[in-house]
Each structure stands twice: as structure tokens, then as C-alpha cells.
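# Observations on the model geometry
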Amino acid sequence: MVDAWFQSSVKGKFADLLLDEKSLMFSLLNPAPVKQLLLDHQSRRQDNHKLLFSLVMFEQWLRGVRSAV
């Protein structure tokens with residue numbers, strides 16, 4: 001159920017966050033492995049929904065912290 005929701009969302013706003021090189025998480029993480037996780041998930045080679053969801057939440061948290069400062 002969660003994976004189906006995430007799979008549909010990963011094509012839209014989630015993908016935008018995970019592919020945007022201006023995302024705040026990329027000051028801490030290398031974008032290439034994140035993109036590969038997304039591509040593998042979208043092609044259904046791997047089920048990375050938990051990891052990708054965590055990355056989206058991490059990005060949202062970073063944005064919230066940044067806006068609070």
C-alpha cells in the first residue's frame with residue numbers, strides 16, 4: 001500500500017526533490033547514488049521506497065530547519 005502510493009508520488013514531487021541538485025541534502029550527500037536509487041526504483045529493479053522516502057523526509061526536515069533559522 002505505501003509502496004504503491006510512493007511509486008505514484010515518485011514520478012512527481014518526490015522525484016523533483018530527489019533529482020534537484022539544489023536540494024539541501026546534497027550539501028551532505030553525493031547526488032549520484034541518490035539518483036541511482038531513484039532510477040532503480042522507478043525501473044522496478046529494486047524496491048527502494050523506504051530509503052527514498054527517508055531521503056525525501058530528510059530534505060523536508062533540512063528545509064524546515066533552514067526556514068526556522
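This section reports on the structure supplied with the text. (Residues numbered from 1 in each chain as written. Predicted model: local features only at pLDDT ≥ 70, side-chain atom pairs only at ≥ 80, totals over all residues. Heavy atoms only, no water.)

### Some details on the overall build of the protein chain
The secondary structure content of the protein chain amounts to 4 helices and 0 strands. Ordering the α and β elements of the protein chain from the N terminus gives α-α-α-α. Going through the 69 residues of the protein chain one by one, you find that 35% of them count as buried. (Helix = DSSP H or I, 4+ residues; strand = E, 2+ residues; numbered from the N terminus. Buried < 20%, exposed > 50% of the residue type's maximum accessible area, 1.4 Å probe, protein only.)

### What about the packing of aromatic side chains?
Applying the stated criterion across every chain yields a total of 1 aromatic pair. Both rings, one in Phe58 and one in Trp61, keep their centres 6.3 Å apart while their planes meet at 15 degrees; by these two values the pair is stacked. Of this pair, Phe58 and Trp61 both sit in helix α4 (residues 49-68), 3 residues apart, which is roughly one turn of the helix. Given a relative accessible area of 26%, Phe58 falls into the partly exposed group. (Phe/Tyr/Trp six-rings, centres within 6.5 Å; stacked < 30°, edge-to-face > 60°.)

### Quick word on the pattern of salt bridges
In the structure shown here, the tally under the stated rule is 3 salt bridges. Notably, a salt bridge pairs Asp40 with Arg45, separated by 3.2 Å at the nearest N-O pair. On the basis of relative accessibility, which here comes to 12%, the residue Asp40 falls in the buried class. Arg45 gets classed as exposed once you look at its relative accessible area, which sits at 58%. Across the pair Glu59 and Arg63 runs a salt bridge, and its minimum N-O distance is 2.7 Å. (Salt bridge = Lys/Arg side-chain N within 4 Å of Asp/Glu carboxyl O.)

### Remarks on the nonpolar core
Of all hydrophobic cores here, the largest spans 14 residues; its most connected members are Leu18, Met25, Val34, Leu38, Leu52, Leu55 and Val56. When contributions to this core are tallied by element, the ones reaching two or more residues are α2 (13-19), α3 (31-42) and α4. Excluding residues within four positions of it along the chain, Val56 makes contact with Phe14, Leu17 and Leu18. (Core = buried A, V, L, I, M, F, W, Y, C linked by side-chain atoms within 4.5 Å. Contact = heavy atoms within 4.5 Å.)

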